[in-house]
Amino acid sequence: MAMHGMRGLSVFISDIRNCQNKEQERLRVDKELGNVRTRFKNEKGLTPYEKKKYVWKMLYIYMLGYDVDFGHMEAVSLISAPKYPEKQVGYIVTSSLLNENHDFLRLAINTVRNDIIGRNETFQCLALTMVGNIGGREFAESLAPDVQKLLLSSSCRPLVRKKAALCLLRLYRKNPDVVNVDGWTDRMAQLLDERDLGVLTSSMSLFVALVANNHEAYWTCLPKCVKILERLARNHDVPQEYTYYGIPSPWLQVKTMRALQYFPTIEDPNTRRILFEVLQRILMGTDVVKNVNKNNASHAVLFEALALVMHLDAEKEMMSQCVALLGKFIAVREPNIRYLGLENMTRMLLVTDMQDIIKRYQAQIITSLKDPDISIRRRALDLLYGMCDVSNAKDIVEELLQYLSTADFAMREELSLKAAILAEKFAPDLSWYVDVILQLIDKAGDFISDDIWFRVVQFVTNNEDLQPYAAAKAREFLDKPAVHETMVKVSAYILGEFSHLLAKGPGCSPKEIFNIVHEKHPTVSTSTIPVLLSAYAKILMHTQPPDPELQNQIWAIFNKYESCIDVEIQQRAAEYFALSRKGAALMDILAEMPKFPERQSALIKKAEEAEVDTAEQSAIKLRAQQQMSNALVVTEQHATNGAPPPPQVNQLSLVKMPSMSSTADHNPADQALSVANGTLSTVDPEPPSADLLGDLLGPLAIEGPPAAAVPSKHNVVSGLEGIPNVVDGAAIVPVGEETNSVQPIGNIAERFHALCLKDSGVLYEDPYIQIGIKAEWRAHHGHLFLFLGNKNTSPLVSVQALILPPAHLKIELSLVPETIPPRAQVQCPLEVVNLRPSRDVAVLDFFYKFGANMVNVKLRLPALLNKFLQPIPVSAEEFFPQWRSLSGPPLKLQEVVRGVRPMPLLEMANLLNSYHLMTCAGLDPNPNNLVASTTFYSESTRAMLCLIRIETDPADRTQLRMTIASGDPTLTFELKEFIKEQLISIPMAPRGPAPATPQAPASTTAATPPPPSAVQPTSTPTAMNDPGALLAGLL
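Residues numbered from 1 in each chain as written. Predicted model: local features only at pLDDT ≥ 70, side-chain atom pairs only at ≥ 80, totals over all residues. Heavy atoms only, no water.

Considerations on the overall build of the protein chain
- If you tally the helices and strands in the protein chain, you get 37 helices and 19 strands.
- The buried share among the 1035 residues of the protein chain stands at 56%.
- Put simply, of all contacts in the protein chain between residues at least 6 apart along the chain, 72% involve residues at least 24 apart.
- Total accessible area on the protein chain is roughly 43,700 Å²; 53% of this is exposed by carbon and sulfur atoms. (Helix = DSSP H or I, 4+ residues; strand = E, 2+ residues; numbered from the N terminus. Buried < 20%, exposed > 50% of the residue type's maximum accessible area, 1.4 Å probe, protein only. Contact = heavy atoms within 4.5 Å. Areas by Shrake-Rupley, 256 points an atom, 1.4 Å probe, with all protein chains shown as cover.)

Considering unusual backbone geometry
- Even without being a glycine, Ala779 presents a positive backbone phi close to 55 degrees.
- Tracing the chain through its elements places Ala779 in the loop between strand 7 (769–778) and strand 8 (781–790).
- Assessed through its relative accessible area of 37%, Ala779 is described here as partly exposed.
- Positive phi outside glycine occurs at Ser798, with the angle close to 50 degrees.
- Looking at where Ser798 falls in the secondary structure, it is placed in strand 9 (residues 797–804).
- On the basis of relative accessibility, which here comes to 32%, the residue Ser798 falls in the partly exposed class.

So, helix 34 (residues 748–757)
- Most of helix 34 is tucked away, with seven of its 10 residues classed as buried.
- Regarding helix 34, the residues found buried are Ile748, Ala749, Arg751, Phe752, His753, Leu755 and Cys756.
- Near the N-terminus of helix 34, the side chain that reaches the backbone nitrogen of Ala749, with its oxygen 3.1 Å away, is that of Asn747. (Polar contact = N/O pair within 3.5 Å; in protein donor to acceptor, adjacent residues only side chain to side chain.)

Considerations on the packing of aromatic side chains
- By the definition in use, this model includes 21 aromatic pairs.
- Ring geometry for Phe303 against Phe329: centres 5.9 Å apart, planes inclined by 70 degrees, an arrangement best described as edge-to-face. With Phe303 in helix 15 (residues 292–312) and Phe329 in helix 16 (residues 316–329), this pair connects stretches of sequence that are 26 residues apart. Neither residue differs from the other here; Phe303 and Phe329 are each classed as buried.
- An aromatic cluster is present here, built from Phe40, Tyr54 and Phe70 joined pairwise through their rings. (Phe/Tyr/Trp six-rings, centres within 6.5 Å; stacked < 30°, edge-to-face > 60°.)

Some thoughts on helix 22 (residues 409–426)
- The terminal C-alpha atoms of helix 22, which comprises 18 residues, lie 26 Å apart, in line with the 26 Å expected from a rise of 1.5 Å per residue.
- In terms of burial, helix 22 is a largely internal element, 15 of the 18 residues being buried. (Expected span 1.5 Å × (residues − 1).)

A look at the packing of helix 1 (residues 7–17) against helix 3 (residues 48–63)
- Two numbers describe how helix 1 lies on helix 3: the axes approach to 9 Å, and their chain directions differ by 20 degrees. Between helix 1 and helix 3, the crossing angle belongs to the class labelled roughly parallel. Here the hand of the crossing between helix 1 and helix 3 comes out right-handed. Contacts from Arg7, Gly8, Leu9, Phe12, Ile13 and Ile16 in helix 1 reach Tyr49, Lys53, Trp56, Lys57, Tyr60 and Ile61 in helix 3.
- Of the residues belonging to the contact of helix 1 with helix 3, the class tally is eight nonpolar, one polar and three charged. (Axes fitted to C-alpha atoms, helices over the stretch in contact; angles between N-to-C directions. Parallel < 35°, antiparallel > 145°, perpendicular 65-115°, else oblique. Left-handed = near helix turned anticlockwise from the far one by under 90°. Nonpolar A, V, L, I, M, F, W, Y, C, P; charged D, E, K, R; others polar.)

Notes on the sheet that holds strand 10 (residues 809–813)
- Taken together, the five strands give an open sheet; going across it, the order is 6-7-8-11-10, and neighbouring strands pair in antiparallel fashion. Whereas interior strands pair on both sides, the edge strands pair on one side only; in this sheet they are strand 6 (760–765) and strand 10. Strand-to-strand twist across the sheet, computed as the mean angle between neighbouring axes with direction ignored, equals 25 degrees.
- Note that strand 6 and strand 7 share five bridges and pair antiparallel. The residue of strand 7 that forms the bridge with Tyr764 is Ile771.
- This element, helix 34, spans strand 6 and strand 7 of the sheet and lies at about 160 degrees to strand 6. (Pairing = 2+ DSSP bridges.)

Considerations on the pattern of salt bridges
- Taken as a whole, this structure holds 50 salt bridges when the rule is applied.
- For Arg28, the salt bridge identified is with Asp15, shortest N-O distance 3.2 Å. Taken as a pair, Arg28 in helix 2 (residues 22–41) and Asp15 in helix 1 lie far apart in primary sequence, 13 residues in all.
- A salt bridge links Glu951 to Arg961, with the nearest nitrogen and oxygen atoms 2.9 Å apart. Of this pair, Glu951 sits in strand 18 (residues 942–953) while Arg961 sits in strand 19 (residues 956–966), placing them 10 residues apart in sequence.
- Note on Glu951: relative accessible area 15%, which makes it buried.
- One network of salt bridges, in which partners are shared, links Arg378, Arg379, Asp382, Glu414 and Lys418. (Salt bridge = Lys/Arg side-chain N within 4 Å of Asp/Glu carboxyl O.)

Examining the pairing of strand 17 (residues 929–938)
- For strand 17, the buried fraction is high: nine of the 10 residues fall into the buried class.
- Here strand 14 (residues 869–871) pairs with strand 17 via three bridges, running antiparallel. The partner of Leu869 across the bridge, within strand 17, is Phe936.
- Direction of pairing for strand 16 (residues 918–919) relative to strand 17: antiparallel, over a ladder of two bridges. Looking across to strand 17, one finds that Met918 is bridged to Ser933.
- Of the strand pairs in this sheet, strand 17 and strand 18 are connected by 10 bridges, and their pairing is antiparallel. Following the sheet pairing, Ser938 is matched in strand 18 by Arg942.
- Between strand 17 and strand 18, which pair antiparallel and follow one another directly, the connecting turn spans three residues.

Here we look at the nonpolar core
- With 221 residues, the main nonpolar core has Val112, Phe207, Ile365 and Leu533 as its most contacted residues.
- Broken down by element, this core gets its largest block of residues, 10 residues, from helix 28 (residues 529–542).
- In contact with Val112, other than residues within four places in its own chain, are Ile79, Tyr91, Ala127, Met130, Val131 and Leu143.
- One finds Leu784, Ala909, Met944 and Ile950 within the second-largest nonpolar core, a separate group that totals 63 residues. (Core = buried A, V, L, I, M, F, W, Y, C linked by side-chain atoms within 4.5 Å.)

Quick look at the environment of Val843
- Relative to the elements of secondary structure, Val843 occurs in strand 12 (residues 843–850).
- With relative accessibility at 1%, the residue Val843 sits in the buried group.
- Taking the C-alpha atoms as reference points, Val843 and Leu804, 39 residues apart in sequence, are found 5.1 Å from one another.

Digging into the side chain of Ser368
- Mapped onto the secondary structure, Ser368 falls in helix 19 (residues 362–368).
- Judged by its relative accessible area of 4%, Ser368 is buried.

Description of the side chain of Asp924
- Considering the arrangement of structural elements, one finds Asp924 in the loop between strand 16 and strand 17.
- Of the polar contacts made by the side chain of Asp924, one reaches the side chain of Asn929; its length is 3.4 Å.
- When neighbours within four sequence positions are excluded, Asp924 is seen to be in contact with Asn929, Val931 and Arg949.

Topic: the packing of helix 13 (residues 250–260) against helix 15
- Following both chains from N to C, one finds helix 13 and helix 15 inclined at 15 degrees, their axes separated by 9 Å at the closest point. Between helix 13 and helix 15, the angle falls in the class roughly parallel. Pair helix 13 / helix 15 crosses with left-handed handedness. In this structure, helix 13 contributes Pro250, Gln253, Val254, Met257, Arg258 and Leu260 to the contact, and helix 15 contributes Ala297, Ala300, Val301, Glu304, Ala305, Leu308 and His311.
- For the contact of helix 13 with helix 15, the per-class residue count stands at nine nonpolar, two polar and two charged.

Overview of the environment of Asn175
- As for its position among the elements, Asn175 is in the loop between helix 9 (158–174) and helix 10 (185–192).
- Judged by its relative accessible area of 5%, Asn175 is buried.
- Distance in space between the C-alpha atoms of Asn175 and Glu138 is 9.8 Å, their sequence separation being 37 residues.
- If we skip the residues at most four places from it in the chain, Asn175 touches Gly135, Gly136, Arg137 and Ala140.

So, the confidence of the model for the protein chain
- In this model, the protein chain carries an average pLDDT of 78, and 81% of its residues clear a pLDDT of 70 or more.
- Scored below 50 in pLDDT, residues 612–740 shows 406 contacts in the model against residues more than four places distant or in partner chains.
- Scored below 50 in pLDDT, residues 986–1035 shows 146 contacts in the model against residues more than four places distant or in partner chains. (pLDDT = per-residue confidence, 0-100.)

Take a look at the structure:
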């Protein structure tokens, strides 16, 4: 910036740098803006020097992050100044402050055009730079022909022509329908004959964009591209300034090879021979050296050459040479090179007959699973999955199972899903398959979808020889002291159906099987209890002759649950109790489940849909989409866990949302899709494409939308039954019935509830995007990362993320890129500071555009009160003095809570511990009471000790008395209400008929959990002014 000698500007910058805090800076900026505004009102008295100085100040203030809503006309007027210093500041500030739709830009079009067609090269470069940066439609319509003439002009210097090529590229990318490139074949051929490598490199970028859109028109340019590669490979006539660490213009080599990948084939034998000679030279001449910069450049050329070799379907000898080269790369210590080797070896799997050659490196690939870098571990997992077949499936699956115990939580979901698919596709026998799936559930139950255990049940039910073995293995796993809830479900089902086949074995009598299953009853949620009830009924049916003691035990359980508030549990208990009294008729009524009809596995279907995107698409189509993306991204991959549940009707979603509308602009032609953490309102006008890759760059698909999906006519909302009340369950938002074509994958309320208890996981997922969260909490500070993953082979554009924070949280979100490239992931840091205690919740208002459809999702962020709690053990000597010192309201509050979800005392203690409230055993002499302690952190309270006492009634578990004490009255009240929300049970309306789950072996007598019930709305949301306030009051 030509600011030399501008004393006023230098003083202002110095004042800003000397400010002690943000408030001082704001006051100084406001003062300067007032001064600039005053001087601009008397514009006639301003000298060009003063106007230039004040416009520079505006730009500096804008760079600091402050809004500058005036002075735009003055900046635009400087473009027409005759001298360079004024014209320079005019162009720079205009391109920085104004977007492509600003009205003032129309005033500058003529001036910009005059500079472009003028003879002053400096002015030409300034004008081309601004046009390229803004790239608006009006600029394209008015200036594109002049830019084209400038690019083709032989009288212009290379500097101007380079800028003209890049400017035209930007206009073409932004407005391909406006920029006329008809008949450009000869002109492009002329540009590819250019001897100046700077102009040639810029022209090649333009050529890549043109052939990505229509390669048929540019066949005559193909030999010229090969000639350019030959010239560079032999280092002929390459100036020293374009040689980078001994490599002739690596940027031009990469662009040229990328352009060649848009042509389906090379028919001319001479051209093909020359090209393969060049590629052979690149493959033979690339090695790993100590210089990092040279490695980066040479490997960029090498991996583009590998992609071109795969695209052209070269001879097997050259392909084998490529694999051998990649095998060397995955063995080096440098992590970046190892990553690239694994990634490109995964792509080589798409080439015919390469899988057997790649298997030679299986040991090295398995070693990469233990690499400290998670991105390398992901690539190794993708490669192992892709290279697996019948011959090596057992070894690979066993390695994955062994690795599962130590794998990061971020990888376990994808790892479990891929291991399950491989076990099913390549199982040598069904008993091995059962062993693998039960081990998967045992080691990673949290990440196992219902599809996986449903499939095990189908195999066991349909194969009589497998039933005794599966029952024995289920009993063996259930005998462990700590068992995951999914293991309880599948084991209870199998033992209920087939435990009678083990009756002669030691420890396998009906009574012993019942005791083993019932022992896990206190540890499961309400969604599993129906499975257990069905198992009890089946065990009772198989007990012949009847065992009176066992019969009375099971009847007592049925009797207990006949008054359960959960309708599904109540119905099963009542029906089983009545059926079990029918004596011998019970054998016919509760007979074994019939064999399931043969059908394709949902997991195998996912894998097959993933494999649709073959080399023909990935080499051409994906490259074209990458050209449209300018965002800096991290290409990670995340697999989903299971398919979306069937839609439910008229359900209630517990939501706490700000009552403020989004400030983002929407195209009125688009229909917006709004999801309020489980609630879908309007729909996209057209369904997504059927050829999408669901996975983020891996061979296993995160399931995309099916090819012939029928739009559902129900709201897709999150089921709440069967899980603890959602953390912010103080508001109930009724959902109107609308027609939706795009559905979220999975239960959004359950995802949110899971993130309330853990620090990483998936917050939201639909066929196009996956939003994940990873958080770290220290005292009253939270450091979060939002992971935005594009699951498709088309970019997501117009991406926006707004945080609507409640009054008690201070939240700062870093810049979110406007574009997420295909199958890539961006990371957005998020800083949270807790100012004071409150249960209000922050909302992420997220927008993106896929194709012609704008999608709007409103998601609750799991930055809740329990995240700022730190459990602390308290002894009797510490507890009682503190308890007595907090004598009464408002520091100590007591309330009798009714409508509590019935649960054993141990389960209630575990629930409190999961929310960072440490239960202190032995402090209360009454064994039916609980005492807990924790420390709450906020900016206002700092570290504040909180004490909790819960008195339960063994005769009536639906009510209790709760006493909360702390040194802050607001904290006492908020913590009391927070704990109450976790304990209260919300009554559900009776069920209507539920659609059958395709993969679930469910019936009246089967032991599969029911889908969430539908509920009619019972309250009306009330709008509040505070962004963090509730939409409705307590139920």
